[in-house]
Number of protein chains: 2
Amino acid sequence: MTAKGTTRLKVTVMPKNGVLDPQGKAIEKALGGLGFDAVGEVRVGKVMLLDVAEGDPAKARALGEDMARRLLANTVIESFQVEVA
Amino acid sequence: MTAKGTTRLKVTVMPKNGVLDPQGKAIEKALGGLGFDAVGEVRVGKVMLLDVAEGDPAKARALGEDMARRLLANTVIESFQVEVA
């Protein structure tokens, strides 16, 4: 799906353990209200798919980690994971 | 990390191809502004981790798909994927 010399990165950003996740709590409640009683904890994060003009997967990944640290994640309260998709 | 008889599901929700993704566009611009010139298209979605009190992975997954269809995804504009995490 990507052109030659480009790499698709998948960056997943999740709230760190112990950090309050109001979005997750809201989903828990809403699912309970719909009768999904089996649902316990819900945590909500973001996933970003980025096309990067870098053919070397290792370099693309390093670039992704740099972008995550500088913009995509708030590393005080969020952890991130960069994969080559 | 989960108790016996529980399954952790990962539900990923992405905007469908062709659907405008303003969040992705904003990230593209912001990354360009930071000097990350190699970045092409960015698409942003949600990822949800749910603990479900169902020991059978296949049943848990079916439950996750039901939840995604009824609440977690807007299937008009979003596609979803349910995995056992």
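Scroll up for the structure.
What counts as what
- Residues numbered from 1 in each chain as written.
- Chains lettered and ligands numbered in written order.
- Predicted model: local features only at pLDDT ≥ 70, side-chain atom pairs only at ≥ 80, totals over all residues.
- Heavy atoms only, no water.
- Salt bridge = Lys/Arg side-chain N within 4 Å of Asp/Glu carboxyl O.
- Buried < 20%, exposed > 50% of the residue type's maximum accessible area, 1.4 Å probe, protein only.
- Contact = heavy atoms within 4.5 Å.
- Buried area = accessible area lost by both parts, 1.4 Å probe.
- Helix = DSSP H or I, 4+ residues; strand = E, 2+ residues; numbered from the N terminus.
- Nonpolar A, V, L, I, M, F, W, Y, C, P; charged D, E, K, R; others polar.
- Pairing = 2+ DSSP bridges.
- Expected span 1.5 Å × (residues − 1).
- Arc of directions from axis to C-beta.
- Polar contact = N/O pair within 3.5 Å; in protein donor to acceptor, adjacent residues only side chain to side chain.
- Least-squares fit on C-alpha atoms with pLDDT ≥ 70 in both.

*Asks:* How should the pattern of salt bridges be read in this particular structure?
*Replies:* Where charged atoms of side chains with opposite charge meet at close range, the side chains can pair. A complete count under the given rule lists nine salt bridges over all chains for this structure. For Glu41 of chain B, the salt bridge goes to Arg43 of chain B, with nearest N and O atoms at 4.0 Å. For Glu41 of chain B, a relative accessible area of 37% puts it in the partly exposed group. Here the salt bridges do not stand alone but share partners, grouping Arg61, Glu65 and Arg69 of chain A into one network.

*Asks:* Could you clarify how one ought to interpret the interface of chain B and chain A in this entry?
*Replies:* It is common to give the size of an interface as the accessible area that goes away when the parts come together. Each side of the interface is counted separately: chain B has 30 residues, and chain A has 30 residues. In total, chain B and chain A occlude about 2,700 Å² of area from one another, counting both sides; carbon and sulfur atoms represent 69% of this. In this assembly, chain B and chain A are joined by zero salt bridges. Among the secondary structure elements, those contributing two or more residues to the side of chain B that touches chain A are strand E1 (7-15), helix H1 (22-33), strand E2 (39-52) and helix H2 (57-72) of chain B. By residue number, the principal contributor to the side of chain B that touches chain A is E2 of chain B, which donates 14 residues. Broken down by class, the residue content of the side of chain B that touches chain A amounts to 20 nonpolar, four polar and six charged. Here strand E2 (residues 39-52) of chain A runs beside E2 of chain B; their pairing, made up of eleven bridges, is antiparallel. Bridge pairing links Arg43 of chain A to Leu49 of chain B in E2 of chain B.

*Asks:* Sorry if this is basic, but what is going on with the pairing of E1 of chain B here?
*Replies:* Looking down a regular strand, the side chains alternate between one sheet face and the other. All names here are of chain B. Most of E1 is tucked away, with seven of its nine residues classed as buried. Two strands pair when backbone bridges link them, and E1 and E2 are joined in this way by seven bridges, in the antiparallel orientation. In the strand pairing of E2, Val11 is matched with Met48. As judged from the seven bridges shared by E1 and strand E3 (residues 78-84), these two strands associate in the antiparallel manner. Bridge assignment links Val13 to a residue of E3, and that residue is Phe80.

*Asks:* Help me understand the environment of Gly18 of chain B in this model?
*Replies:* Here Gly18 of chain B is to be found in the loop between E1 and H1. When the C-alpha positions of Gly18 of chain B and Ile77 of chain B are compared, they lie 9.1 Å apart, and in sequence the two are 59 residues distant.

*Asks:* I keep staring at H2 of chain B and nothing clicks. Help me out?
*Replies:* Side chains that are three or four residues apart share a direction in an α-helix, a result of its 3.6 residues per turn. Compared with an ideal rise of 1.5 Å per residue, which puts 16 residues at 22 Å, H2 of chain B spans 19 Å between its outermost C-alpha atoms and falls more than 12% short. Among the residues making up H2 of chain B, those that are buried are Ala60, Gly64, Met67, Ala68 and Leu72 of chain B. Seen end-on, H2 of chain B carries its buried residues on one side only, within an arc spanning 105°. Exposed positions of H2 of chain B whose direction lies more than 90 degrees from the buried face are Ala58 and Lys59 of chain B. Against the buried residues of H2 of chain B lie helix H1 (22-33) and E2 of chain A together with E1, E2 and E3 of chain B. Taking the backbone nitrogen of Ala58 of chain B as reference, a side-chain oxygen 2.9 Å away marks Asp56 of chain B as the first, capping residue of H2 of chain B.

*Asks:* Is there a simple way to think about the relation of the copies chain B and chain A in this case?
*Replies:* Between the two copies of this chain, the relationship is a rotation about some axis together with a displacement along it. For the pair chain B and chain A, the best superposition has an RMSD of 0.0 Å and corresponds to a rotation of 180° with a translation of 0.0 Å parallel to the axis. Within this description, the copies of the chain are treated as partners about a two-fold rotation axis. Scanning chain B for the C-alpha nearest the rotation axis identifies Lys46 of chain B, at a separation of 2.3 Å. Both copies contact each other with a shared surface, as 100% of the interface residues of chain B are interface residues in chain A too.

*Asks:* Hey, could you run me through the side chain of Asp21 of chain A in this one?
*Replies:* Within the fold, Asp21 of chain A resides in the loop between strand E1 (7-15) and H1. When near neighbours in sequence (up to four residues on either side) are disregarded, Asp21 of chain A contacts Pro15, Val42, Arg43 and Val44 of chain A.

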